[in-house]
Structure formats: C-alpha cells, structure tokens
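Here's the letter readout for the chains.
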Amino acid sequence: MAAESKGDETPLPVDAAVKGATLFEDDALRYAVAVDGSEMAHKAFLETVKLMNEDDYIQVIHVADNSKAYLPYDLRPSSIQEAYETNCLTRFAPERYAVVKIRKEEGKTAREAICTYVNKVGFDYLVVGMVGRKGPKLDPTILGSTADYSLRAAHCSSIIVKKPTRGANKFVVGVDGSDRAHKSVAEIISMANDDDEIVILNVTDADGEAGLKREYTGPVLREKYSKLAASAGARCPVSFVQVEQPRGQGVAAVLTEYAFDNDATYLVVGADGVGAYLAGRHVFGSNSDRVVRLSRPSVIVTQDRSEKIDPKRE
C-alpha cells in the first residue's frame, strides 16, 4: 500500500518510507519530489511524472512548519497533502507512490529537513523546482535556496526543473572522459523512454586534441559510448557529438548554449569532473555549478548514492 500521512503534525515514520522506497526491482528508479504549494514545485512534480517509467516509484515530500500558521489555505500542509494524494491516486498504483509530510525541527530549515530525509531513506533522484514560493529572481541565474542546497547536500542525483516540457525528452549529456561522465550516460540510458533522444556531447579545446591522452580523444569516446549504449540496451536513439570550445568561452557556456540551440529538454552533467576523478575526490565541480545556473533547459546533476559530495568546488 501507499504510505499514508497521519495528519498535520505527524510525519511518516522513516522506517515505513524506507520500506516503500525499496520494494522494487533493481532497475526501477526512485524519485523524491519536494513540493511547497508553489507553481514551480507542481511543475517539478509533473516533469517527474513524465520522466517515470511504469515500474518506477515516487515520493512527494513536503515540510510541515508549525511556525507558519499564517499561510493561505492552499499552502498549508493539509492542503498540499490532499492535493498530491489526489494527483498520485489518479496516476499510479498504490504501491508506486507515497505523499510524505516531514516535520521541520526547531532551528533547522525546510531544505535541511528535505535533504536529511532523502539521504536517510535513499533515492535515485531528488527533484526540485528552480525556485520556490518566493518566485523567480531578478537574476535568472540565481537558484532558489532549496535547489541550491540540494545540489550539495543530497546524496543522490538532483533534477532542477526550470520549465515544463512537451512531447518526448531530448537529453544532452556532457562528457569529458571521466568515470562520473560515463555513469551519467548510463543513468540517462536507464531513464530515457522509447520516444526520447540522447545526445552525448564532448567539448574539445580550440587547439584540437593534440597532447590529450588517448582515452580522452573523440574517436575513443565515441566508441566507448556506442558500446555502452549497446550493452545497456538503450531504448531510444543515442548519438555522439563534439563541439569546439571557442577561446575565451568556458565549457559551461558551450554546454548550455548547445543544449538551448538544439532544443534539449534536459542538460545532464556529473557532479564532479575529470579533475576530481583523477585526484580521487568527489566535489561539486565549478563547471557543474555554472551549468545549473546558466542553463535554460532543466538540468540533471548525476551522483552515485554511495558518494558523499564535498561542498567545496574543484
């Protein structure tokens, strides 16, 4: 059965949530969607529904804060709970979802409560809207506090939803030859549906590949990802593209411009890049950070659940 809320004051016991999130076969993906009653949070929920395959599992999580009794009815925990129970009931089998209310501890923020819960239960993806109740910022590269915090504190991949999409998804996956990039491609192959499209994008230096180790050159990467797509049983078309990085332009700018110009619905990057990979570190990379902020399509930042990201950047 789907996990049930016990009312405004009582969160679902974590043990029950763990049981609900781990019932399924190994290839079923587990999504946690953080909602707060805002329009962007609901878009994040709808985008998650669109991403899910029939065997996947979703938990809609929201935070009950007793200090905010002044909120209008539609932003109160009881209203949010009721709305998403209805949204899920009409879309999923009972065992494929739960709507979970989390109590915010005194002295903690809602974003801390969300990430603590997600890390304890264990999910493949935490999905949040780019901004929350306060709405868009004057500077479109500034993330909402929950979106920004989740990238560093959640021990799973993050999906930052920036706008709703229509039709099939087009995933542009940035790769640099690192192990994390390889895993990013594998994740998206697992996620993508039959009518989607995956473009594996490698950015090369303006001076070409002279001096690069062989494993980081275009022909080797092309062969590597072709074999991965075949062995992983990709259900949709997968292509490999190289673009040259103009002098004076950063890798993040090249990736985000390509994604926008080629109508990507999602731009996908690893949480850490080749520099961290070679050094044996897991950090939230500066390129990843800039991609999330600059990208106009929604962004997926991939991370192993076994890897705790150091909040320091490369």
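Everything discussed here concerns the structure shown above.
Residues numbered from 1 in each chain as written. Predicted model: local features only at pLDDT ≥ 70, side-chain atom pairs only at ≥ 80, totals over all residues. Heavy atoms only, no water.

Visitor: Where do I start with the packing of aromatic side chains in this structure?
Guide: Here the distance between the centres and the angle between the planes together describe a pair of aromatic rings. Per the counting criterion, the structure on display carries five aromatic pairs. Pairing F171 with Y266 gives two aromatic rings, centres 5.6 Å apart and planes at 20°, and the pair type is stacked. On the criterion of sequence distance, the pair formed by F171 in strand β6 (residues 170–175) and Y266 in strand β9 (residues 266–270) is long-range, its members being 95 residues apart. Given a relative accessible area of 0%, F171 falls into the buried group. A ring pair is formed by Y225 and F240, whose centres lie 6.5 Å apart and whose planes are at 20°; its orientation type is stacked. (Phe/Tyr/Trp six-rings, centres within 6.5 Å; stacked < 30°, edge-to-face > 60°. Helix = DSSP H or I, 4+ residues; strand = E, 2+ residues; numbered from the N terminus. Buried < 20%, exposed > 50% of the residue type's maximum accessible area, 1.4 Å probe, protein only.)

Visitor: Looking at this model, I keep getting lost on the nonpolar core. Mind explaining?
Guide: Nonpolar side chains in soluble globular proteins tend to be buried together. In this structure, I61, Y117, V118 and L126 are the most contacted members of the largest nonpolar core, which totals 42 residues. Among the elements that take part in this core, helix α4 (residues 110–121) stands out by supplying six residues, more than any other. Among the nonpolar cores identified, the runner-up in size contains 41 residues, and F45, V185, I200 and Y225 belong to it. (Core = buried A, V, L, I, M, F, W, Y, C linked by side-chain atoms within 4.5 Å.)

Visitor: For this particular structure, what's the right way to read the packing of helix α6 (residues 179–191) against helix α7 (residues 218–231)?
Guide: Think of two packed helices as two axes; the pair is described by the angle between the axes and how far apart they sit. Interhelical geometry of α6 versus α7 gives an angle of 35° and a closest axis separation of 10 Å. The interaxial crossing formed by α6 with α7 has right-handed handedness. From α6, A181, H182, V185, A186 and I189 reach across to α7, where they touch K224, Y225, L228 and A229. Residues that form the contact of α6 with α7 fall into these classes: seven nonpolar, one polar and one charged. (Axes fitted to C-alpha atoms, helices over the stretch in contact; angles between N-to-C directions. Left-handed = near helix turned anticlockwise from the far one by under 90°. Contact = heavy atoms within 4.5 Å. Nonpolar A, V, L, I, M, F, W, Y, C, P; charged D, E, K, R; others polar.)

Visitor: Teacher, can you tell me more about the side chain of S178 here?
Guide: By the secondary structure assignment, S178 is in the loop between β6 and α6. S178 sits in the buried class, given a relative accessible area of 1%. A distance of 2.7 Å separates polar atoms of two side chains, one belonging to S178 and the other to D176. (Polar contact = N/O pair within 3.5 Å; in protein donor to acceptor, adjacent residues only side chain to side chain.)

Visitor: Quick question: what am I supposed to make of the pairing of strand β8 (residues 238–244) here?
Guide: Looking at chain direction, strand β7 (residues 197–204) and β8 are connected through seven bridges and run parallel. Within the sheet, the bridge partner assigned to V203 lies in β8 and is V243. After leaving β7, the chain enters α7 and then returns to the sheet as β8, a path that is right-handed. (Pairing = 2+ DSSP bridges. Right-handed = clockwise from strand over helix to strand, strands pointing away.)

Visitor: Hey, could you run me through the environment of Y266 in this one?
Guide: What makes Y266 buried here is its relative accessible area of 0%. As for Y266 and V172, which are separated by 94 residues in sequence, their C-alpha atoms are 6.3 Å apart. In terms of polar contacts, Y266 uses its side chain to reach the side chain of E47, at 3.3 Å.

Visitor: So what exactly am I meant to see when it comes to the packing of helix α8 (residues 251–261) against helix α10 (residues 286–294) here?
Guide: The contact between α8 and α10 brings their axes to 9 Å, and the two run at 35°. Crossing of α8 over α10 shows right-handed handedness. Taking contact as the criterion, the partners of V251, A252, A253, L255 and T256 in α8 are, on α10, N287, R290, V291 and L294. Classifying every residue of the contact of α8 with α10 by side-chain character gives six nonpolar, two polar and one charged.

Visitor: Just to check I follow, could you spell out the pairing of strand β2 (residues 57–64) for this structure?
Guide: The side chains of a regular strand alternate, first on one face of the sheet and then on the other. Of all eight residues in β2, eight are buried, a share of seventy percent or more. Every second residue of β2 is oriented toward a common face, with Y57, Q59, I61 and V63 on one face and I58, V60, H62 and A64 on the other, all of them buried. With five bridges connecting them, strand β1 (residues 30–34) and β2 associate as parallel partners. Bridge assignment links A34 to a residue of β2, and that residue is I61. Following the chain from β1 across helix α2 (residues 39–51) to the adjacent parallel β2, one finds a crossover that is right-handed. In this structure, β2 lies alongside strand β3 (residues 97–103), joined through seven bridges in parallel fashion. For V60, the partnering residue across the bridge sits in β3 and is V99.

Visitor: Please clarify how unusual backbone geometry should be interpreted in this entry.
Guide: Negative phi is the rule for most residues except glycine; trans is the rule for most peptide bonds. Here the phi dihedral of D263 falls at roughly 60°; this positive angle occurs in a residue that is not glycine. Within the element layout of this structure, D263 appears in the loop between α8 and β9. On the accessibility criterion, D263 (61% relative accessible area) is exposed.

Visitor: Teacher, can you tell me more about the sheet that holds β1 here?
Guide: Backbone-to-backbone hydrogen bonds pair the strands of a sheet. The strands run either parallel or antiparallel. Pairing is mixed across the open sheet formed by ten strands, whose spatial order is β3-β2-β1-β4-β5-β10-β9-β6-β7-β8. On the outer flanks of this sheet lie β3 and β8, each paired with one strand and no other. This sheet shows a mean twist of 25° between the axes of neighbouring strands, independent of strand direction. Where β6 and β7 come together, six bridges link them in parallel fashion. Bridge pairing in β7 places F171 opposite I198. Most of the contacts of α6 go to β6, to which it runs at about 165°, and overall it touches β1, β4 (125–129), β5 (157–161), β6, β7, β9 and β10 (298–302). Here α8 sits on the sheet in contact with β6, β7, β8 and β9, set at roughly 150° to β7.

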